[in-house]
Amino acid sequence: MEYRPFDEQDFPAMEAFERALLEGAPEHAYRAHPAALRFFMRTGHSFVASTRDAVHGFALAQAVWQGDRPTVFVTRILAADGAAYEGLLRAVVKSAYDAGVYEVAMHIDPEHEALVAAAQAAGFTLGPLVLATRVLGSRGVRGETRHVLE
């Protein structure tokens, strides 16, 4: 498996992969559309896990400034299996370190066992903070509270 920065040729396969993994999710849950992928492609911290003929996962991440220091924040990470999650996390951590960014963060559903195991294997600490969200507008009225910063 190869873990590499993606380019526009990867967009259709990444979108199809996300749609397959999140099948049935509300439209706002999907992130692998051209406008978002073009942005994340330029961050230097986003990667695709692929073999010659298939996408096996991807991580969308960006550096976020917190006033006095940057943090690479992983907005979306999806993979076919634990090995792909581990490889993607290694790629993100290396890109952060190479850029002189010494914090990497992401939100993880504690019930997502493969991602939890991969994050722990990559040296991430889980908890104790909980993500609090409030969705405004019509999505909030409909009760669509999932997929915020996921």
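Up top is the structure these notes are about.
Below you will find a few notes about this structure.

Cut-offs and rules
- Residues numbered from 1 in each chain as written.
- Predicted model: local features only at pLDDT ≥ 70, side-chain atom pairs only at ≥ 80, totals over all residues.
- Heavy atoms only, no water.
- Phe/Tyr/Trp six-rings, centres within 6.5 Å; stacked < 30°, edge-to-face > 60°.
- Buried < 20%, exposed > 50% of the residue type's maximum accessible area, 1.4 Å probe, protein only.
- Lys NZ or Arg CZ within 6 Å of the ring centre and 35° of its normal.
- Pairing = 2+ DSSP bridges.
- Helix = DSSP H or I, 4+ residues; strand = E, 2+ residues; numbered from the N terminus.
- Axes fitted to C-alpha atoms, helices over the stretch in contact; angles between N-to-C directions.
- Contact = heavy atoms within 4.5 Å.
- Arc of directions from axis to C-beta.

Some points on the packing of aromatic side chains
- Taken as a whole and judged by the stated rule, the model has four aromatic pairs.
- Relative to Phe 11, the ring of Phe 6 has its centre 6.3 Å away and its plane inclined at 65°; by these criteria the two rings are edge-to-face. This pair shows no difference in class: Phe 6 is buried, exactly as Phe 11 is.
- Taken together, a centroid distance of 5.0 Å and an interplanar angle of 75° make the contact between Phe 39 and Phe 40 edge-to-face.
- Judged by its relative accessible area of 35%, Phe 39 is partly exposed.
- Its end group placed over the ring of Tyr 30, Arg 19 keeps NZ or CZ at 3.9 Å from the ring centre.

Some remarks on the sheet that holds strand β3 (residues 54-65)
- Read from one edge to the other, the open sheet built from five strands follows the order β1-β2-β3-β4-β5, with strand pairing classed as mixed. The open sheet terminates on both sides in strands that have one partner only, identified here as β1 (2-4) and β5 (104-106). In this sheet, neighbouring strand axes are inclined to one another by 25° on average, regardless of whether the strands run parallel or antiparallel.
- Here nine bridges tie β3 to strand β4 (residues 70-79), and the two strands are oriented antiparallel to one another. Residue Leu 60 lies in a different strand from β4, and its bridge partner there is Arg 76.
- In the packing of helix α1 (residues 11-21) onto the sheet, the strands contacted are β2 (47-51), β3 and β4, and the crossing angle to β3 comes to about 95°.

Points about helix α4 (residues 113-121)
- Listed as buried for α4 are Leu 115, Val 116, Ala 118 and Ala 119. When α4 is viewed along its axis, its buried side chains cluster within an angular range of 165° and face the same direction. Facing away from the buried side of α4, by more than 90 degrees, are the exposed residues Glu 113 and Ala 121.
- Tucked inside the fold, the buried residues of α4 contact β4, α3 (82-98) and β5.

Spatial relationships are all this shows, so hold off on functional conclusions.
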